[in-house]
Amino acid sequence: MKSFNEQCYFVLRKVPRGKVTTYGEIARAVGNPRAARAVGNAMNKNPHAPRLPCHRVVGSDGKMIGFASGIDKKIKILRAEGVVVEKEKIDLEKFFFRFGKL
DNA sequence: CATATGACACTAT
DNA sequence: AATAGTGCCATAT
């Protein structure tokens, strides 16, 4: 069992290209549904840098938040991944990936 | 060990 | 619908 943030990175790596997830979902995937904030904190540390697709993580409403490099950059990357971003938002109904959950 | 910080989520207004 | 306030958790100092 690795540290909490290590698990976050692990589950985040499972997110396929062209899909996105939320901090809360990651928190849930690691067993701490209330640790959404801690997840974002782990992403900020981002010790794995470009290896970690942290740009695929959005708010619970698909709202573009986070990304120290700039939301604009994040949106750009997501669009490049094939995700449709409108008004800094994403259709979770279409691009929300679930961690092997149903 | 206690305090402070932060890329969130939820509820109420 | 948008904004404000509160609660939660892990990490760093």
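S.K.: Please clarify how the protein's contact with DNA strand C should be interpreted in this entry.
M.R.: Within the structure, DNA strand C sits among Ser3, Phe4, Asn5, Asn32, Arg34, Ala35, Arg37, Ala38, Asn41 and Lys45. Counted by atom, the contact set of DNA strand C within 4 Å of the protein is 69% sugar and phosphate. Within the side chain of lysine 45, a nitrogen or oxygen atom sits 2.6 Å from a sugar or linking oxygen of DNA strand C. Those elements giving two or more residues to the surface near DNA strand C turn out to be helix 1 (4–13) and helix 3 (36–45). In terms of residue count, helix 3 provides more of the surface near DNA strand C than any other element does, four residues in total. Looking at the surface near DNA strand C, its residues break down into three nonpolar, four polar and three charged.

S.K.: How should the layout of surface pockets be read in this particular structure?
M.R.: Picture a little ball the size of a water molecule; that probe, rolled over the atoms, points out where space is still empty. Space inside the largest pocket adds up to approximately 240 Å³. As for the largest pocket, its lining consists of Tyr23, Gly40, Met43, Asn44, Asn46, Cys54, Val57, Gly66, Phe67, Ala68 and Ser69. Residue contributions to the lining of the largest pocket peak at three residues, all from helix 3. Looking at the lining of the largest pocket residue by residue, the class counts come to six nonpolar, five polar and no charged.

S.K.: Is there a simple way to explain the protein's contact with DNA strand B in this structure?
M.R.: The environment of DNA strand B is formed by 16 residues, the closest being Tyr23, Arg37, Asn44, Ser60 and Gly66. Each atom of DNA strand B within 4 Å of the protein belongs either to a base or to sugar and phosphate, the latter forming 41%. One of the side-chain N or O atoms of tyrosine 23 is found 2.8 Å from a base nitrogen in DNA strand B. Here a base nitrogen of DNA strand B and a backbone polar atom of asparagine 44 are 2.9 Å apart. Among the secondary structure elements, those contributing two or more residues to the surface near DNA strand B are helix 2 (23–29) and helix 3. With seven residues, helix 3 is the largest single contributor of residues to the surface near DNA strand B. By residue class, the composition of the surface near DNA strand B is six nonpolar, nine polar and one charged.

Definitions and cut-offs
Residues numbered from 1 in each chain as written. Chains lettered and ligands numbered in written order. Predicted model: local features only at pLDDT ≥ 70, side-chain atom pairs only at ≥ 80, totals over all residues. Heavy atoms only, no water. Near = heavy atom within 4 Å. Polar contact = N/O pair within 3.5 Å; in protein donor to acceptor, adjacent residues only side chain to side chain. Helix = DSSP H or I, 4+ residues; strand = E, 2+ residues; numbered from the N terminus. Nonpolar A, V, L, I, M, F, W, Y, C, P; charged D, E, K, R; others polar. 1 Å grid on protein atoms, 1.4 Å probe; cavity = no way out; pocket = protein on both sides within 12 Å on 5 of 7 lines; lining within 4 Å. Points joined across faces, edges and corners; volume = space filled by probe spheres on them.

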